Structure formats: structure tokens, C-alpha cells
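One-letter residues, chain by chain:
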Amino acid sequence: MDGDTVVIRKTQIRLFGVDAPEMNHPYGKKAKWALVKLCKGQEVKAEVTDVDAHGRTVAKCFLPDGRDLSAEMVKLGLAIDWPKFSDGAYRSLEVPDVRKKLWLADARQKGRMHIWDKYDAKQKERQENA
């Protein structure tokens, strides 16, 4: 689906405790394809932890070798820890300056959605002028 969502047995699952860029944000497609590469051909095990405000199943997801998908995406610099949900479980795995790189995800965590609105408006303007 994207950099922090997988589909297992037709169920959309949001990775526990992390936030990756949206598909239309910088690094969004790169995050999605990195997650696809990690999971492709693998049997992913999901341990459901919650259902979020959007009705999505939230789970800790593991590869057959035991690696945590949330941790792997953070280590790749394509997701950031979301302490509100993870209690800081993945913060120590963040690569240097990742919050500057994934600034829109960081803004969402800080409740600064006006930054998203500005970004979306600029993107729309670029498309109209293209």
C-alpha cells in the first residue's frame, strides 16, 4: 500500500509505532517500494495491537527471520518513530537527520497540519502550471 501499510490476507495493516511519508510526499514512493522489497515472497506474521481512529488494523509485523518491519523501515531512513503510539520504541533506530528528510511526517506528529496544506497547495499549483 505505502511505506507503513501492508496487506495480509486481504486485510490492510498499519505498521505499529512508525510513520512513513504519504505516497504523494517526498520519499513516499521510495518508502513503499522498500517495504515491498522487504516483504516480497516472504510470509509476514502480524501481531495485532489495535484498531486506529481510521478503522485500520494496527500490528507489529515480522519477517520469517524475526525482523520487525517497523524497525527495518526506520533503519532504512524511510519511516520515523511515532512516540505517541510506540512509546519511543524505534527512536534509537532513526538515522541522523531523518526528521529533516521526512519533514511532512514529522509535522504531522507535531500536529502542524497547516504545513501539509501548504505543501498540497504548492503541488496542485505545479500541476496546474505544468
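Below is a short write-up of the structure. (Residues numbered from 1 in each chain as written. Predicted model: local features only at pLDDT ≥ 70, side-chain atom pairs only at ≥ 80, totals over all residues. Heavy atoms only, no water.)

**Overview of the side chain of Ser86**
- Within the secondary structure layout, Ser86 lies in helix α3 (residues 83-86).
- Of the polar contacts made by the side chain of Ser86, one reaches the backbone nitrogen of Gly88; its length is 2.9 Å.
- In this structure Ser86 touches Phe16, Gly17 and Asp81, once residues within four positions along its chain are discounted. (Helix = DSSP H or I, 4+ residues; strand = E, 2+ residues; numbered from the N terminus. Polar contact = N/O pair within 3.5 Å; in protein donor to acceptor, adjacent residues only side chain to side chain. Contact = heavy atoms within 4.5 Å.)

**A few points about the pairing of strand β4 (residues 45-51)**
- With six bridges connecting them, β4 and strand β5 (residues 57-62) associate as antiparallel partners. Considered in β5, the bridge of Asp50 is made with Val58.
- Between β4 and the antiparallel strand that follows it, β5, lie five residues; Gly55 among them carries a positive phi value of about 80°. (Pairing = 2+ DSSP bridges.)

**Digging into the sheet that holds strand β1 (residues 5-8)**
- Read from one edge to the other, the open sheet built from four strands follows the order β1-β2-β5-β4, with strand pairing classed as mixed. Each end of this open sheet is capped by a strand with a single partner; those strands are β1 and β4. When the angles between neighbouring strand axes are averaged without regard to direction, this sheet yields 45°.
- In terms of strand pairing, β1 meets strand β2 (residues 11-15) through four bridges, oriented antiparallel. Following the sheet pairing, Val6 is matched in β2 by Ile13. (Axes fitted to C-alpha atoms, helices over the stretch in contact; angles between N-to-C directions.)

**Description of the state of the cysteines**
- What the rule picks out here adds up to zero disulfides.
- Just so you know, Cys39 is unpaired, no disulfide at all, and the nearest cysteine sulfur is the one on Cys61, 7.7 Å from it.
- In this structure Cys39 comes out as buried when scored by relative accessible area, which is 15%. (Disulfide = S-S within 2.5 Å. Buried < 20%, exposed > 50% of the residue type's maximum accessible area, 1.4 Å probe, protein only.)

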